[in-house]
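Letter by letter, the chains look like this.
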Amino acid sequence: MTRRCALVIDSGAVLGTGAMQGVTAVPLRIAFDHQVYRDGVDISPEEFYARLGAGETPTTSTPSPGEYLDAFRASDGERIVCLTIPRKLSAMYESATLAARLLAEEGDSRQVDVIDTGQAAAGFGLVARAAAELCAAGAPAAEVLDRVSRACAEVRMYGSLRTLRYLARSGRVPSIAAGVSDLLGVRPIFELRNGDARRLALVRGERRVVRDFQRIAAEQMSTDVPLWLLVFHSGVPEAAARLREALHQVLRVARSETITLTPVMGAYTGPGMTGFAAMPLSASELGGVP
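Residues numbered from 1 in each chain as written. Predicted model: local features only at pLDDT ≥ 70, side-chain atom pairs only at ≥ 80, totals over all residues. Heavy atoms only, no water.

(A) Representation of helix H9 (residues 237–250) within the structure. The end-to-end C-alpha distance of H9, which contains 14 residues, comes to 21 Å, matching closely the 20 Å that a straight helix rising 1.5 Å per residue would cover. Where H9 is buried, its residues touch helix H8 (206–220), strand S11 (227–233), strand S12 (253–260) and strand S13 (274–280). (Helix = DSSP H or I, 4+ residues; strand = E, 2+ residues; numbered from the N terminus. Expected span 1.5 Å × (residues − 1). Contact = heavy atoms within 4.5 Å.)

Structure representation (structure tokens):
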């Protein structure tokens, strides 16, 4: 049966399931030496973080236009919605846009809406989850696009890196800044919005990180609105569990989940990252939660 709307995302959306109806995930690539793996397919997060902890250095690559084109062809929707992370961070938007044009040139009459969500990692995951649920329920494209637009504007994401060394390798922070931060043992807490990271605090110690996350959540997010919460980590599930418990103490959480960042995301964050993304729930998403 053809769906009214199908969703195409990349593997970095960390949906946590490849079996969600109406969703096609385009895998990113990650390589150790000359061995290339498909993110979320050929290598598990556990294996990846073990190799990262052993000192191996990965490289990553984004899906090609051809891979997006194959995903669009395989989608079972009358209309296709494709979500990407910010153009500032990746070429995925350009690849997907070119693929949509190629699909039209092949004579496929289906419309493809390529959307730069302005979100990454768990923030992107929340937007994708909201869209995926509507697609699976048979919602029309207009309803899916409206929910995506609101989600992109409403999601807030915060994170803390244990080290800046991996970001320095990607050229996103100066190597000298990463070295000084690691030498002093301080951890930056930042907010990521529209592809830009804004530093909110510099802290020492895991307990202080959790306390500052609590403070930031209470100050910057409404405690009266039911929230959809994603707590994320890169290979430190115990730290993520403590953070999730702390956030439940200060926020009105109606739906929550703890996820491990996919290998491609972990290649940029390194091991030991924790953080969370949150989004107000719509009435239909709230269901019977008080």
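(B) Layout of the pairing of strand S3 (residues 29–32). Where S3 and strand S4 (residues 35–38) come together, four bridges link them in antiparallel fashion. Paired with Ile30 across the two strands is Tyr37, which belongs to S4. Here S3 hands over to S4 after two residues, with Asp33 in that stretch at a positive phi of 55°. As defined by bridge partners, S3 adjoins strand S5 (residues 58–61) across four bridges and the pair is classed as antiparallel. Bridging from a neighbouring strand, Arg29 pairs with Ser61 of S5. (Pairing = 2+ DSSP bridges.)

(C) Region of interest: the nonpolar core. Leu7, Tyr68, Phe72, Leu83 and Val144 are the most contacted members of the largest nonpolar core, which has 67 residues in total. Of all the elements, helix H4 (residues 121–136) adds the most residues to this core, at eleven residues. When neighbours within four sequence positions are excluded, Val144 is seen to be in contact with Cys5, Val81, Ala131, Leu134, Cys135 and Ala139. The next biggest cluster of nonpolar side chains, apart from the first, holds 18 residues, and it includes Val203, Val209, Leu229 and Ala278. (Core = buried A, V, L, I, M, F, W, Y, C linked by side-chain atoms within 4.5 Å. Buried < 20%, exposed > 50% of the residue type's maximum accessible area, 1.4 Å probe, protein only.)

(D) Seen up close, the packing of H8 against H9. Interaxial distance between H8 and H9 falls to 9 Å at its minimum, and their mutual angle equals 30°. Of the two possible hands of crossing, H8 and H9 adopt the one that is right-handed. Across the interface between the two elements, Glu206, Val210, Phe213, Gln214 and Ala217 from H8 touch Ala239, Arg242, Leu243, Ala246, Leu247, Gln249 and Val250 from H9. Its residues assigned to classes, the contact of H8 with H9 shows eight nonpolar, two polar and two charged. (Axes fitted to C-alpha atoms, helices over the stretch in contact; angles between N-to-C directions. Left-handed = near helix turned anticlockwise from the far one by under 90°. Nonpolar A, V, L, I, M, F, W, Y, C, P; charged D, E, K, R; others polar.)

(E) Representation of the sheet that holds strand S6 (residues 77–84) within the structure. Spatially, four strands are ordered S2-S1-S6-S7 in an open sheet, and the strand pairing comes out parallel. Where the open sheet ends on each side, the last strands, each with one partner, are strand S2 (23–26) and strand S7 (111–116). Going from strand to strand, the sheet's axes swing by 20° on average, the running direction of each strand aside. Judged from the four bridges that link them, strand S1 (residues 3–10) and S2 form a sheet pairing that is parallel. Across the sheet, Leu7 pairs through a bridge with Val23, a residue of S2. On the sheet, helix H5 (residues 141–154) packs against S1, S6 and S7 and is oriented at approximately 10° with respect to S6.

(F) Region of the structure containing the pattern of salt bridges. Applying the stated criterion to the full structure yields 21 salt bridges. Arg51 serves as the salt-bridge partner of Glu56, at 3.0 Å between the closest nitrogen and oxygen. Residue class for Arg51 comes out buried when judged on its relative accessible area of 19%. Here Arg255 and Glu133 are joined by a salt bridge, their closest N and O atoms 2.6 Å apart. With a gap of 122 residues between them, Arg255 in strand S12 and Glu133 in helix H4 connect regions that are remote in the sequence. Accessibility expressed as a relative area gives 24% for Arg255, which makes it partly exposed. Residues joined in a network through salt bridges with shared partners are Arg208, Asp212, Arg215 and Glu219. (Salt bridge = Lys/Arg side-chain N within 4 Å of Asp/Glu carboxyl O.)

(G) Region of interest: the side chain of Ser234. With respect to the helices and strands, Ser234 occurs in the loop between S11 and H9. We classify Ser234 as buried; its relative accessible area is 0%. Polar contacts involving the side chain of Ser234 include one to the main-chain carbonyl oxygen of Gly270, which spans 2.7 Å. The contact partners of Ser234, leaving out residues within four places of it in the chain, are Tyr49, Leu261, Thr269, Gly270, Pro271, Gly272 and Met273. (Polar contact = N/O pair within 3.5 Å; in protein donor to acceptor, adjacent residues only side chain to side chain.)

(H) The arrangement of the packing of H4 against H5 in detail. Direction vectors running N to C along H4 and H5 enclose 165°, while the axes themselves pass 9 Å from each other. What the angle tells us is that H4 and H5 run roughly antiparallel. The interaxial crossing formed by H4 with H5 has right-handed handedness. When H4 is examined against H5, the residues Val127, Ala130, Ala131, Leu134 and Cys135 are found in contact with a partner set consisting of Glu143, Val144, Arg147, Val148, Ala151 and Cys152. Tallied by class, residues from the contact of H4 with H5 come to nine nonpolar, no polar and two charged. (Parallel < 35°, antiparallel > 145°, perpendicular 65-115°, else oblique.)

(I) Structural detail: the sheet that holds S3. Spatial strand order, S4-S3-S5: three strands in an open sheet with antiparallel pairing. Sheet topology places S4 and S5 at the edges, where each strand pairs with a single neighbour. Taken over all neighbouring pairs, the strand axes of this sheet differ in orientation by 25° on average, direction set aside. Relative to S3, helix H1 (residues 45–53) is tilted by about 40°, and along the sheet it contacts S3, S4 and S5.

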